[in-house]
Amino acid sequence: ILMDNDTSLKMKDSGGNAINVIEMAADNGVRFHGVSGNTTYFNPDATSTTTINYANSAPVEIGDANTSTNFYVMKGNLGVNTNSTIATLDIRGNSFATPIASFSGSSGKATMVVDQSNIGDIFTASKSGATKFVINNAGNVGINVAAPTELLHLNGKMQFVNTAEDIDDGNVKIFTGTGPETAA
């Protein structure tokens, strides 16, 4: 083990060559070097933000000793609780008792904005791969329909409450007032 000018800690490989193990960079960042030449770089900047750079195509993983990887970054994809991302942002829930995601806001704008500029659907919700709700690129909404062709496209029974007249034909239910489920 060698100390080089108070800026790096070096070890010698089997051929006697000194290799950086830990290095203090000129910008106060810290580089951790692996024996295969891979480098992980921590760089606190003037705003106390820590930048982590990894010098080859392998992923950056952040986790703790008691669990598997919590955050995984690979070629522009970010995985939370997964290291096999299938999207730019891939979040996997792993607890029955907590939601996968929660959005909360207090602003004069929408809490969440989804903008699809290509041909794919704007939003799709599914259960075990079966589409339950979709908003396609044309703005059509499908409930139990994967490819809605009308503004509102439903597959199944519907119920409307608080209308001018009662209708119940077995497939469509429209009730005035609060509906039969709360009638006295």
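Above this text is the structure in question.
Conventions adopted
Residues numbered from 1 in each chain as written. Predicted model: local features only at pLDDT ≥ 70, side-chain atom pairs only at ≥ 80, totals over all residues. Heavy atoms only, no water. Helix = DSSP H or I, 4+ residues; strand = E, 2+ residues; numbered from the N terminus. Buried < 20%, exposed > 50% of the residue type's maximum accessible area, 1.4 Å probe, protein only. Contact = heavy atoms within 4.5 Å. Areas by Shrake-Rupley, 256 points an atom, 1.4 Å probe, with all protein chains shown as cover. Patch = residues over 30% accessible without salt bridge, like charges linked within 9 Å, V, L, I, M, F, W, Y side chains within 5 Å. Salt bridge = Lys/Arg side-chain N within 4 Å of Asp/Glu carboxyl O. Lys, Arg positive; Asp, Glu negative; His and termini not counted. Charge placed at Lys NZ, Arg CZ, Asp CG, Glu CD. Polar contact = N/O pair within 3.5 Å; in protein donor to acceptor, adjacent residues only side chain to side chain. Pairing = 2+ DSSP bridges. Axes fitted to C-alpha atoms, helices over the stretch in contact; angles between N-to-C directions. Phe/Tyr/Trp six-rings, centres within 6.5 Å; stacked < 30°, edge-to-face > 60°.

Colleague: I would appreciate a short explanation of the overall build of the protein chain in the present structure.
Modeller: Secondary structure summary: the protein chain contains zero helices and 17 strands in total. Classification of the 184 residues of the protein chain by burial places 14% in the buried group. For the protein chain, the share of sequence-separated contacts (at least 6 apart) that also reach a separation of at least 24 residues comes to 0%. Just so you have it, the protein chain exposes about 13600 Å², and 53% of that area is on carbon and sulfur atoms.

Colleague: Where do I start with a negative patch on the surface in this structure?
Modeller: Among the surface-exposed residues, Glu165, Asp166, Asp168 and Asp169 lie close enough to one another that they form a single negatively charged patch. When you line up the elements, glutamate 165 lands in the loop between strand 15 (158–161) and strand 16 (167–168).

Colleague: Explain unusual backbone geometry here, please?
Modeller: What you tend to see is this: most non-glycine residues have negative phi, and most peptide bonds are trans. For serine 128, which is not a glycine, the phi torsion comes out positive at approximately 50°. Relative to the assigned elements, serine 128 resides in the loop between strand 11 (123–127) and strand 12 (130–135). Positive phi outside glycine occurs at asparagine 144, with the angle close to 60°. Locating asparagine 144 in the fold gives a position in the loop between strand 13 (141–143) and strand 14 (152–154).

Colleague: In this structure, what is going on with the side chain of threonine 82? I would like to understand it.
Modeller: Within the fold, threonine 82 resides in the loop between strand 9 (77–80) and strand 10 (89–91). Residue classification places threonine 82 among the buried positions, given a relative accessible area of 8%. A distance of 3.2 Å separates the side chain of threonine 82 from the backbone nitrogen of serine 84, its partner in a polar contact.

Colleague: I'm lost on the pattern of salt bridges in this one. Help?
Modeller: Oppositely charged side chains can form a pair if their charged atoms are brought close together. The full count for this structure, using the stated rule, is one salt bridge. The shortest N-O distance in the salt bridge between arginine 92 and aspartate 90 comes to 2.8 Å. For aspartate 90, a relative accessible area of 6% translates into the label buried.

Colleague: Honestly, the pairing of strand 11 in this entry has me stumped. Any pointers?
Modeller: Here is the key point about a regular strand: its side chains alternate between the two faces of the sheet. Sheet topology places strand 11 next to strand 12; five bridges connect them, and they run antiparallel. The partner of phenylalanine 123 across the bridge, within strand 12, is isoleucine 135. With antiparallel pairing between neighbouring strands as the criterion, strand 11 and strand 12 make up a hairpin whose turn holds two residues, including serine 128 at a positive phi of roughly 50°.

Colleague: Would you mind going over the sheet that holds strand 14 with me for this structure?
Modeller: Whenever strands of a sheet pair, they do so through backbone hydrogen bonds, lying parallel or antiparallel. Strands sit in the order 11-12-13-14 across an open sheet of four strands; the sheet is mixed. Looking at strand neighbours, the two that pair on one side only are strand 11 and strand 14, the edges of this open sheet. Pairs of neighbouring strands in the sheet enclose a mean axial angle of 20°, with direction left out of account.

Colleague: Even after reading the chapter, I still don't get a nonpolar patch on the surface, so can you show me in this structure?
Modeller: Residues Phe71, Val73, Leu78, Leu89, Ile91 and Ile100 make up a contiguous nonpolar surface patch of roughly 510 Å² in combined accessible area. Elements supplying a minimum of two residues to the nonpolar patch: strand 8 (69–74) and strand 10. Here phenylalanine 71 is to be found in strand 8. According to the relative accessible area criterion, phenylalanine 71 is partly exposed, its value standing at 39%.

Colleague: Even after reading the chapter, I still don't get the packing of aromatic side chains, so can you show me in this structure?
Modeller: Each aromatic ring pair is characterised by the separation of its centres together with the angle its planes make. By the definition in use, this model includes one aromatic pair. Ring centres of phenylalanine 123 and phenylalanine 133 lie 6.2 Å apart, and the angle between their planes is 65°; on these two criteria the pair is classed as edge-to-face. Residue phenylalanine 123 is located in strand 11, and its partner phenylalanine 133 is located in strand 12; the two are separated by 10 residues in the primary sequence. Classification of phenylalanine 123 as partly exposed rests on a relative accessible area of 36%. Judged by its relative accessible area of 29%, phenylalanine 133 falls in the partly exposed class.

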